[in-house]
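# Fold and contact review
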Amino acid sequence: VDCSTNASTCMAKPDECYNGDNSPKEGYTPVVLEVPADSSPQCEDRGEFADGWELQCKMRKTGFGHTTPYLSSSTVNDPCAPWAGADSKMGFYRADTNEGFEATFIRHWSFSPSNQLMYFRVDATSFAEARDMVHSVFENTDKIDVLPILFQATPPTITNAPADYDPGALPSVTFVAGDGISSLTPGNFRRRIGSSNRDYYVYTNNYLGDLKAGYALSKRAFVFASELESAKATADDLKSKVVYDLIEDTRYNPRAIDIYKSGASFDAVAAASVQGTSTTCSTSPSATLVCSGVSTPKPDYSPFFYVTCGDSTYLGPDPYYFTPGNGDYFTFPGMSNDNDKKIRSYACEGQDGTIRPTWKLVGFFNSACYSSVGSDVTYDDDICVAPSEEPSSLPSSQPSSQPSSSVVPTPEPSPQPSSTLSLQPSSSLVPTPEPSPEPSSQPSLQPSPAQTLTKKYLWCSKPGGCNSSNEASCMALPSECYTENGYGSVKPDYTPIELFVLPNTTPQCRNRGQYGTDRELKCKFHTTGFGRSRPYIRPPAGSTMGFYREDTNMGFEATFIRHWSWRSHGQWVYLRVKAPDYVTARNLVHANLNNGGNSQPLPLKFEMREIFE
């Protein structure tokens, strides 16, 4: 079979391709291990694991396809023999001198027919140590011939099971995927079980068929824990209970789901009947309909989740919005781009480890809803409350928001003034001849004229400073580190973040993705030595905020501040600007805050121009 056209299925396991005397069967070609002529193994780094450092090295011929032996040195004889000794070994050796090294794990003998790479681990504590272990033995530079390699495995000395060994009492986990016959036509399922660089065991079940936009795939399967002895009987009973279903969009009876917003809160209201297309929110005059969606999947619509992490909230299509590393080394729905960094969806970035996120599926909405609703909103199911069909038997515990319909005043004025504010101002237009001797004890019902204010929003490092061991807890809110609740001077031993652009450079902004009409960036705006801060700042309605040069006041407006700082060794501020793409956003920042050709830092200021109310 030619592996160049079917690399995923062209390889055979040893029990299929060898005879009893270990000779290859006719038509089968074993993987040929060798170092190319005039070359070293050219090992590359694949990271550290519990049983050693993993490498990928040029140590075989081309032309071989996808193999996954997942062979460990402790189980080269039989992975189902826990009584076997731990003295089994395996390794790679030169065919000419028998020099070599031991391996702790073989991931792939081969993977792609177009290259010569093998994937394995050795007992080492760094990439340099692992690479040198291989290169020192298999260096073949300046040689005109390939260097043949032998793989050798030594079984454990103990090979017979003890007389009292009873595997039936062992704990086991069993996956029940069905009887292997799918009722879905066309298509079939692929079941895969294995390990990976994650902190959990991987089990996947992939449907290989025609799944159109708007369709939903449903499969009920089982996983259970039991003693090994009873596992088969339990699994056999469950096989017939596995259910497959492919739900076409013609089988849906969706109803409308509308999002109403009041201030920074929202409520999601579903139509009263199946296939209903309208909703109402008559109980909250201040609520505004800002977005419409549906209750079932639909082409070009995404599921919107309401996610909480402690006091932080989010509404939108990214269920991992608060997950550590989101936008840094992974972006939903993709995988981590760094094998050393794991995606922990159960954690809340920057918060105590005991805090866990919660998710609520709100409905299915198009991308325009993300910008019209805003992501930093709070769910409140009391905004739109369906009125009762019967009058209440007791009076309300809260005053009415509107006066009663009676227009007949009482014949006499009240003997005492009201203890609460009037809902409407009095009709008198004549001011008193003298000002009041004391200020009012109640706030005005109307705002005073708009004013402009620059607030202190920058966080500070706490006394003692920040380093890699305390960066999660070393930062203080402005209300803690400034006098007068964030408006006064800096308290002793607190160090506020000072914003500037480094000498002879730009802010070096990098892309962190699109959020509705905003583009998020991380830009170098401060020195190192500050830890994790998560202010989540947005300008209030009618206000603006931005970053500006101290010398010329040139700058740009920002729509959101995610982090003033994050790592003690970093210099990044995480922010968003109104821009359709990364290039436009970066150019906006760099054009205003370019410090190239200047040997001194460029001081910056953050300003919040806010309206007093």
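The structure displayed is predicted, hence computed values, not measured ones. (Residues numbered from 1 in each chain as written. Predicted model: local features only at pLDDT ≥ 70, side-chain atom pairs only at ≥ 80, totals over all residues. Heavy atoms only, no water.)

## Here's the deal with the overall build of the chain
For the chain, the helix and strand inventory stands at six helices and 33 strands. Buried residues in the chain amount to 36% of all 613 residues. If you sum the accessible surface of the chain, you get close to 35900 Å²; carbon and sulfur atoms cover 51% of it. (Helix = DSSP H or I, 4+ residues; strand = E, 2+ residues; numbered from the N terminus. Buried < 20%, exposed > 50% of the residue type's maximum accessible area, 1.4 Å probe, protein only. Areas by Shrake-Rupley, 256 points an atom, 1.4 Å probe, with all protein chains shown as cover.)

## So, the pattern of salt bridges
Under the definition given, this model contains 18 salt bridges. Measuring nitrogen to oxygen at the nearest pair gives 2.6 Å for the salt bridge that ties glutamate 54 to arginine 121. Remark: arginine 121 occurs in strand E8 (residues 117-122) and glutamate 54 occurs in strand E3 (residues 52-58); sequence separation between them is 67 residues. The same class applies to glutamate 54 and to arginine 121, which are both buried. Residues joined by salt bridges that share partners form a network here, namely Arg46, Asp51, Glu54, Arg107 and Arg121. (Salt bridge = Lys/Arg side-chain N within 4 Å of Asp/Glu carboxyl O.)

## Here we look at the sheet that holds strand E6 (residues 100-102)
Sheet strands pair by backbone hydrogen bonding; their relative direction is either parallel or antiparallel. Reading across the sheet, the four strands line up as E1-E9-E5-E6 and stay open at both edges, with antiparallel pairing between neighbours. Of all strands in the sheet, those bounded by a partner on one side alone are strand E1 (34-35) and E6. Here three bridges tie strand E5 (residues 89-94) to E6, and the two strands are oriented antiparallel to one another. Within the sheet, the bridge partner assigned to phenylalanine 92 lies in E6 and is phenylalanine 101. (Pairing = 2+ DSSP bridges.)

## Quick look at the environment of alanine 169
Mapped onto the elements of the fold, alanine 169 is located in the loop between strand E9 (147-154) and strand E10 (171-176). Here alanine 169 falls in the partly exposed class, since its relative accessible area comes to 47%. Here the alpha-carbon distance between alanine 169 and serine 230, two residues 61 residues apart in the chain, equals 9.1 Å.

## Concerning the packing of aromatic side chains
Tallied over the entire structure, the rule returns 26 aromatic pairs. Relative to tyrosine 379, the ring of phenylalanine 266 lies with its centre 5.4 Å away and its plane at 50°, an arrangement referred to as tilted. Taken together, the residues phenylalanine 266 in strand E17 (residues 265-270) and tyrosine 379 in strand E22 (residues 378-379) connect sequence positions 113 residues apart. Residue phenylalanine 266 is classed as buried on the basis of its relative accessible area of 0%. Every member of this aromatic cluster is reached through a ring pair, and the members are Tyr314, Tyr321, Phe322, Tyr370, Tyr515, Tyr536 and Phe560. Over the face of the ring belonging to phenylalanine 49 we find arginine 121, whose NZ or CZ atom lies 3.9 Å from the ring centre. (Phe/Tyr/Trp six-rings, centres within 6.5 Å; stacked < 30°, edge-to-face > 60°. Lys NZ or Arg CZ within 6 Å of the ring centre and 35° of its normal.)

## As for the sheet that holds strand E28 (residues 518-524)
Judged by pairing direction, the sheet is antiparallel, and its four strands sit side by side in the order E27-E28-E32-E31 without closing on themselves. Edge positions in the sheet fall to strand E27 (510-515) and strand E31 (560-563), since each has one partner strand and no second. In this sheet, adjacent strand axes meet at a mean angle of 25° when their direction is disregarded. The sheet contact formed by E31 and strand E32 (residues 572-578) spans three bridges and is antiparallel. Bridging across to E32, phenylalanine 560 finds its partner in arginine 576. Running over the sheet, helix H6 (residues 582-592) touches E27, E28 and E32 and is turned about 45° from E28. (Axes fitted to C-alpha atoms, helices over the stretch in contact; angles between N-to-C directions. Contact = heavy atoms within 4.5 Å.)

## Structural notes on the side chain of threonine 174
Mapped onto the elements of the fold, threonine 174 is located in strand E10. On the basis of relative accessibility, which here comes to 16%, the residue threonine 174 falls in the buried class. For threonine 174, the contacting residues outside a window of four places in its chain are Phe222, Val223, Phe224, Ala231 and Ala235.

## Re the side chain of serine 40
Summarising the element assignment, serine 40 is placed in the loop between E1 and strand E2 (44-49). Residue serine 40 is classed as buried on the basis of its relative accessible area of 13%. If we skip the residues at most four places from it in the chain, serine 40 touches Val35, His135, Glu139, Asn140 and Thr141.

## As for the nonpolar core
Ranked by internal contacts, the top residues of the largest apolar core, which has 37 residues, are Leu499, Phe525, Phe547, Ile561 and Trp564. Within the residue set of this core, elements represented by two or more residues are strand E24 (475-476), E28, strand E29 (544-549), strand E30 (555-558), E32, H6 and strand E33 (602-609). Sorting elements by how many residues they give to this core places E33 first, with four residues. (Core = buried A, V, L, I, M, F, W, Y, C linked by side-chain atoms within 4.5 Å.)

## Thoughts on the confidence of the model for the chain
Looking at the chain, pLDDT values average 82 and 81% of them are 70 or higher. E1 holds the highest mean pLDDT among the elements of the chain, 96, whereas strand E11 (residues 188-194) holds the lowest, 74. Under a pLDDT of 50 for its full length, residues 400-409 has, in the predicted model, one contact with residues more than four places off or in other chains. Confidence drops under pLDDT 50 across residues 440-454; counting only partners more than four residues distant or on other chains, this segment forms 19 contacts. (pLDDT = per-residue confidence, 0-100.)

## Concerning unusual backbone geometry
A negative phi angle characterises most non-glycine residues, just as the trans form characterises most peptide bonds. Omega for the bond connecting phenylalanine 332 with proline 333 falls within 30 degrees of zero, at 5°, which places this linkage in the cis form. Relative to the helices and strands, proline 333 is located in the loop between strand E20 (312-316) and strand E21 (358-365). Unusually for a residue other than glycine, asparagine 98 sits at a positive phi of about 65°. If you check the backbone angles, glutamine 275 has positive phi at about 65° while not being a glycine.

## Re helix H3 (residues 228-239)
Since the α-helix advances by 3.6 residues per turn, residues separated by three or four positions end up pointing in the same direction. Under the 1.5 Å per step criterion, the end-to-end length of H3 is 17 Å for 12 residues, consistent within 8% with the ideal 16 Å. The set of residues buried in H3 consists of Ala231, Ala235 and Leu238. Projection of H3 onto a plane perpendicular to its axis shows the buried side chains occupying an angular sector of 65°, all on one side. Counted as exposed and oriented over 90 degrees from the buried face of H3: Glu229, Lys232 and Ala233. (Expected span 1.5 Å × (residues − 1). Arc of directions from axis to C-beta.)

## Looking at the pairing of strand E16 (residues 256-262)
Of all seven residues that make up E16, five are buried, and the element is covered over most of its length. Pairing geometry for E16 and strand E18 (residues 288-294), over six bridges, is antiparallel. By the bridge assignment, alanine 256 is partnered in E18 with valine 294. As paired elements, E16 and E17 share six bridges and run antiparallel to each other. Paired with isoleucine 257 across the strands is alanine 270, a residue of E17. Between the end of E16 and the start of E17, which pair antiparallel, lie two residues, with glycine 263 showing a positive phi angle near 65°.

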